[in-house]
Amino acid sequence: LVVEWTRATVRVAVGAGPKRGLQIIRSAPVSASDTVEALRTLVKAIKGMPEEVIGVIPRELVLTRVVKFPSTQEGELAQMVELYAKAQLPYAREQTVMDFHLLARAEGFSTVAVIACQCEVVNRHLAILRDAGLSPTLLTMSSWGVLGWYQQLLRHAPSPKSLAGGQEPTLVVNLDDTRTDLV
């Protein structure tokens, strides 16, 4: 179950498994004061609730940077990312949830995506999900979710060349009611 909300809508999507795509997609209008209730209503309509619940945090609430570091060792990268983040974050490290994702390794260098979010934002999203009766197993940011949907679409396309002419790089644009994600 994937759950995402904006200032105007709340959306849920249920996957039917890695090879079968989406089973259910539901959406409802929402205001800031009734997000939990709108989410509860959408979730009640789902039969056979999935075990995995993924919450989506809007991209504009997350800091991201793509950085190249002079190492390919996981432990060294973690230390380098930590030092980099301390210097770059506009708020105290103790107030931040942070992670990184390896994008590429080549010639002794690693390119990583550094992702940071204020603890308050993460806690607020977790509280809404829990108040709606959900137990989140993962939080991700919206643009990573859009990338995931695109990758799933590529896996299920009749031919990889049938989408975007099979060319790389590809820009995926997700137009929403209150924001746009470019992936």
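Please refer to the structure placed before this passage.
Thresholds, definitions, all that
- Residues numbered from 1 in each chain as written.
- Predicted model: local features only at pLDDT ≥ 70, side-chain atom pairs only at ≥ 80, totals over all residues.
- Heavy atoms only, no water.
- Salt bridge = Lys/Arg side-chain N within 4 Å of Asp/Glu carboxyl O.
- Helix = DSSP H or I, 4+ residues; strand = E, 2+ residues; numbered from the N terminus.
- Buried < 20%, exposed > 50% of the residue type's maximum accessible area, 1.4 Å probe, protein only.
- Polar contact = N/O pair within 3.5 Å; in protein donor to acceptor, adjacent residues only side chain to side chain.
- Contact = heavy atoms within 4.5 Å.
- Disulfide = S-S within 2.5 Å.

Novice: Tell me what's going on with the pattern of salt bridges, and back it up with residues and numbers.
Specialist: As enumerated under the stated definition, the model contains 5 salt bridges in all. Note that Arg11 and Glu4 form a salt bridge whose closest N and O atoms lie 3.3 Å from each other. A salt bridge links Arg93 to Glu82; its shortest N-O distance comes to 2.7 Å. In this pair, Arg93 is assigned in the loop between helix 2 (74-88) and strand 6 (96-106) and Glu82 in helix 2, connecting sequence segments 11 residues apart. Given the relative accessible area of 22%, Arg93 is considered partly exposed.

Novice: So, the side chain of Ser71: which residues are in play, and what are the values?
Specialist: Take Ser71: it is sitting in the loop between strand 5 (63-69) and helix 2. For Ser71, a relative accessible area of 3% puts it in the buried group. A distance of 2.5 Å separates the side chain of Ser71 from the side chain of Glu76, its partner in a polar contact. Leave out the neighbours within four places in its chain, and Ser71 touches Glu76, Leu77, Met80, Gly108, Phe109 and Ser110.

Novice: Describe in detail the state of the cysteines, supporting the description with residues and values.
Specialist: Tallied over the entire structure, the rule returns 0 disulfides. The structure places no disulfide on Cys119, whose sulfur is separated from the nearest cysteine sulfur, that of Cys117, by 8.3 Å.

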